[in-house]
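Here is what each chain is made of, one letter per residue.
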Amino acid sequence: MSAPLIVLVGPMGVGKSTVGELLAERLGATYRDTDADVVATAGKPIAEIFYDEGEERFRELESRAVRAAVAEHTGVLSLGGGAVLDETTRTLLAGHVVVYLSMDVDEAVKRVGLNTARPLLAVNPRRQWRELMEARRHLYTDVARAVVATDERTPQEVAQAVLDALELPDAASSGRENSTMTDQGPTRIQIAGSAGTDPYEVVIGRQLLGELPTFIGDRVKRVAVLHPEALAETGEAVRQDLADQGYEAIAIQLPNAEEAKTVEVAAYCWKALGQTGFTRSDVIVGVGGGATTDVAGFVAATWLRGVRWIAVPTTVLAMVDAAVGGKTGINTAEGKNLVGAFHPPAGVLCDLAALDSLPVNDYVSGMAEIIKAGFIADPAILDLVEADPQGARTPAGPHTCELIERAIRVKAEVVSSDLKESGLREILNYGHTLAHAIEKNERYKWRHGAAVSVGMVFAAELGRLAGRLDDATADRHRAVLESVGLPLTYRGDQWPKLLENMKVDKKSRGDLLRFIVLDGLGKPTVLEGPDPAVLLAAYGEVSA
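Residues numbered from 1 in each chain as written. Predicted model: local features only at pLDDT ≥ 70, side-chain atom pairs only at ≥ 80, totals over all residues. Heavy atoms only, no water.

Engineer: I'm lost on the packing of aromatic side chains in this one. Help?
Structural biologist: Centre-to-centre distance and the angle between the planes together describe a pair of aromatic rings. A full pass over the atoms with the stated rule returns six aromatic pairs. Between W446 and Y490, the ring centres sit 5.3 Å apart and the planes meet at 90 degrees, which makes this aromatic pair edge-to-face. Taken as a pair, W446 in the loop between α19 (432-441) and α20 (448-465) and Y490 in the loop between α21 (471-483) and α22 (495-502) lie far apart in primary sequence, 44 residues in all. Overall, the relative accessible area of 25% leaves W446 in the partly exposed class. (Phe/Tyr/Trp six-rings, centres within 6.5 Å; stacked < 30°, edge-to-face > 60°. Helix = DSSP H or I, 4+ residues; strand = E, 2+ residues; numbered from the N terminus. Buried < 20%, exposed > 50% of the residue type's maximum accessible area, 1.4 Å probe, protein only.)

Engineer: Would you take a moment to explain the pairing of strand β1 (residues 6-9) for this structure?
Structural biologist: Where a strand is regular, its side chains alternate between the two sheet faces. With burial as the criterion, each face of β1 is covered, one bearing I6 and L8 and the other bearing V7 and V9. Pairing of β1 with strand β3 (residues 76-78), which is carried by three bridges, proceeds in the parallel orientation. Bridged to L8 within β3 is S78. (Pairing = 2+ DSSP bridges.)

Engineer: Please clarify how the packing of helix α12 (residues 263-275) against helix α13 (residues 290-302) should be interpreted in this entry.
Structural biologist: Relative placement of two packed helices is described by the angle separating their axes and the distance separating the axes. Relative to each other, α12 and α13 sit at 55 degrees, their axes nearing to 10 Å. Here α12 is positioned oblique relative to α13, judged by the angle of their axes. For α12 against α13, the interelement crossing comes out right-handed. Seen from α12, the contacting residues are V265, A266, C269, W270 and L273; seen from α13, they are V295, F298, V299 and T302. In terms of residue class, the contact of α12 with α13 is made up of eight nonpolar, one polar and no charged. (Axes fitted to C-alpha atoms, helices over the stretch in contact; angles between N-to-C directions. Parallel < 35°, antiparallel > 145°, perpendicular 65-115°, else oblique. Left-handed = near helix turned anticlockwise from the far one by under 90°. Contact = heavy atoms within 4.5 Å. Nonpolar A, V, L, I, M, F, W, Y, C, P; charged D, E, K, R; others polar.)

Engineer: Hey, could you run me through the pattern of salt bridges in this one?
Structural biologist: Once the charged atoms of two side chains with opposite charge are near each other, the side chains can pair. Within this structure, the stated rule accounts for 38 salt bridges. Here R239 makes a salt bridge to E236, at a shortest N to O gap of 2.8 Å. Of this pair, R239 and E236 both sit in helix α11 (residues 232-244), separated by three residues, roughly a single helical turn. Overall, the relative accessible area of 29% leaves E236 in the partly exposed class. The salt bridge involving D378 is made with R406; its shortest N-O contact spans 3.0 Å. Linking D378 in the loop between α15 (360-376) and α16 (380-387) with R406 in helix α18 (residues 400-417), this pair joins segments that are 28 residues apart in sequence. Judged by its relative accessible area of 14%, D378 is buried. (Salt bridge = Lys/Arg side-chain N within 4 Å of Asp/Glu carboxyl O.)

Engineer: Sorry if this is basic, but what is going on with the sheet that holds strand β5 (residues 146-149) here?
Structural biologist: Sheet strands line up and pair through hydrogen bonds in the backbone, either parallel or antiparallel. Pairing in this open sheet of five strands is parallel, and the strands run β2-β3-β1-β4-β5 from one edge to the other. At either margin of the open sheet sits one strand with a lone partner, and together these are β2 (31-33) and β5. For this sheet the average axis-to-axis angle between neighbouring strands, irrespective of direction, equals 25 degrees. Here β1 runs beside strand β4 (residues 98-102); their pairing, made up of three bridges, is parallel.

Engineer: Where do I start with the confidence of the model for the protein chain in this structure?
Structural biologist: Any residue range with low pLDDT should be treated as having predicted coordinates unsuitable for detailed reading. Summary statistics for the protein chain give a mean pLDDT of 86 and a share of 88% for residues scoring 70 or more. Below pLDDT 50 for its whole length, residues 111-125 participates in 51 contacts with residues either more than four positions away or in separate chains. Low pLDDT, under 50, characterises residues 172-183; the predicted model gives this stretch 23 contacts beyond four residues in sequence or across chains. (pLDDT = per-residue confidence, 0-100.)

Engineer: What should I look at first to understand the side chain of T314 in this one?
Structural biologist: Mapped onto the elements of the fold, T314 is located in the loop between β11 (308-313) and α14 (316-322). Beyond its immediate sequence surroundings of up to four residues, T314 is in contact with L231, V287, G288, G289, M319, A354, L355 and L358.

Engineer: It is not clear to me how unusual backbone geometry should be interpreted in this structure. Could you clarify?
Structural biologist: Generally, phi is negative for residues other than glycine and the peptide bonds are trans, each holding for most cases. Of note in the backbone geometry, R305 takes a positive phi value of approximately 60 degrees without being a glycine. By the element assignment, R305 lies in the loop between α13 and β11. Its relative accessible area of 78% is what places R305 among the exposed residues. Positive phi, close to 60 degrees, is recorded for N337, a residue that is not glycine.

Engineer: Explain the side chain of S63 to me, please; I cannot follow it from the model alone.
Structural biologist: If you trace the backbone, S63 turns up in helix α4 (residues 55-72). Leave out the neighbours within four places in its chain, and S63 touches D86 and T89.

Engineer: Explain the sheet that holds strand β7 (residues 200-205) to me, please; I cannot follow it from the model alone.
Structural biologist: Taken together, seven strands build an open sheet; the order of strands is β6-β7-β14-β11-β10-β8-β9 and the sheet is mixed. The open sheet has two edge strands, β6 (187-191) and β9 (248-254), and neither has a second partner. Pairs of neighbouring strands in the sheet enclose a mean axial angle of 15 degrees, with direction left out of account. In this structure, strand β8 (residues 222-228) lies alongside β9, joined through seven bridges in parallel fashion. Considered in β9, the bridge of L226 is made with I252. Contacts from α12 reach β8, β9 and β10 (283-288), with the element oriented near 160 degrees to β9.

Engineer: Whenever I open this one, helix α2 (residues 34-42) confuses me. Can you help?
Structural biologist: Each α-helix turn comprises 3.6 residues. Residues three or four places apart therefore point the same way. By the burial criterion, the buried members of α2 are T34, D37 and V38. Buried residues in α2, looked at end-on, bunch into an arc of 100 degrees, giving them a common side. Packing partners of the buried residues in α2 comprise β2, α3 (46-53), α4 and β3. The opening residue of α2, the one whose side-chain oxygen lies 2.8 Å from the backbone nitrogen of D35, is D33. The positive-phi residue at the C-terminal boundary of α2 is G43, with phi of around 75 degrees. (Arc of directions from axis to C-beta. Polar contact = N/O pair within 3.5 Å; in protein donor to acceptor, adjacent residues only side chain to side chain.)

Given below as structure tokens:
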């Protein structure tokens, strides 16, 4: 009977998936994760299984997945944090090469604090972590042939420690040369200061919560953590971690998504800051998606005429777009982001662990902004997506870190030269003129990335009809966007409303409509006042 080369066990957040993939690469083997098998079987995330059907049902699915994987898989296998609770599973692991990846409480809270899919750590992470470990530690050690500590080690170092502990040869030394950027520690991208603003840093990697106090600084007394309702546990974990380090930390809960971007919500935040004596030397931290970072930045820009703020984006969209560049704002009945300010953050922490629990539709939505960066400036992004469209749809994909980093570098280069959208920065709005009109028409119920996808196809067709863009590049828009599951069309009968909405777009000048189009791949330009018949014809190409 076949058997896995290595089975990894250990608590949630210890890095079994990342380490498992590294080990598989080095050993020239395949990787499998029983949590992923459970999700595939149930058709929904683990957190939803817990909430909808209960832990007992989840454990039943998990036990089945482990039995199947141990019987079928011949590479590196990782099990869910609680898999060893099942006696049948523990018996099944006897005689197999099992490695227990361990970590201490403080390290655990840093690693899982930004991940919303931890239903067993929902209220008090430190206390509940200790209780979980007291119940499980002996079970991990009983089934393990080796124990490898992960504290203060990169995933690459942990993988090497596993190989050393098992005295296994590294069969793919070239894999180390080709390992992802995340394996080598956080990536740091500098955003240059301009127009009287200070430079700041975007940090991309995993296990980044410990970086937050460095950005905040030791002269700060108060920190306000703004978070959406959906990330209540995450917001509290960040607040508690900051409080444990001596800051007077408060949490301010916002509505979810675009519902947070109103003047009423901003006023609520101002009131909370006033009641807690928030001064100009204090700091705001925005933890969440693009809407949250937009509001956090706007509140920071307007409180006492400007206080420092730090973005901790938890979605792809926020990481590659909303949190970088300093554009902050709220919506009005007349349009999206019409009230706002240019107020760059003091730093941005893009912890990729936050993406592990992101619903697939939200993850794919963020891919629209990444693909946009490919068309306007970095075609290598398009090559990576085309090489593995299914991998591009998930944070477990082989190019996740590189795609996010490349998209951020595109935006970093643009905003470093043009903070206030007086020239070059307009290219970042490729596809956004129609997208914002669609969002307003849908009362902001459409995902931003879905609207941008339709907007880019429209812009490509507009460029083609205007004689600017070649057929191959225009067609490539449809192929790449559709390959990751993004929409290409919108309701044909809505054109009159969309046209009116576009007239109040920020890029318009008077009654003159302005669109970003392409003169070719990576060659964005402005198209002013296109013929209404050409606009209508372009919209006909995206009409459903």
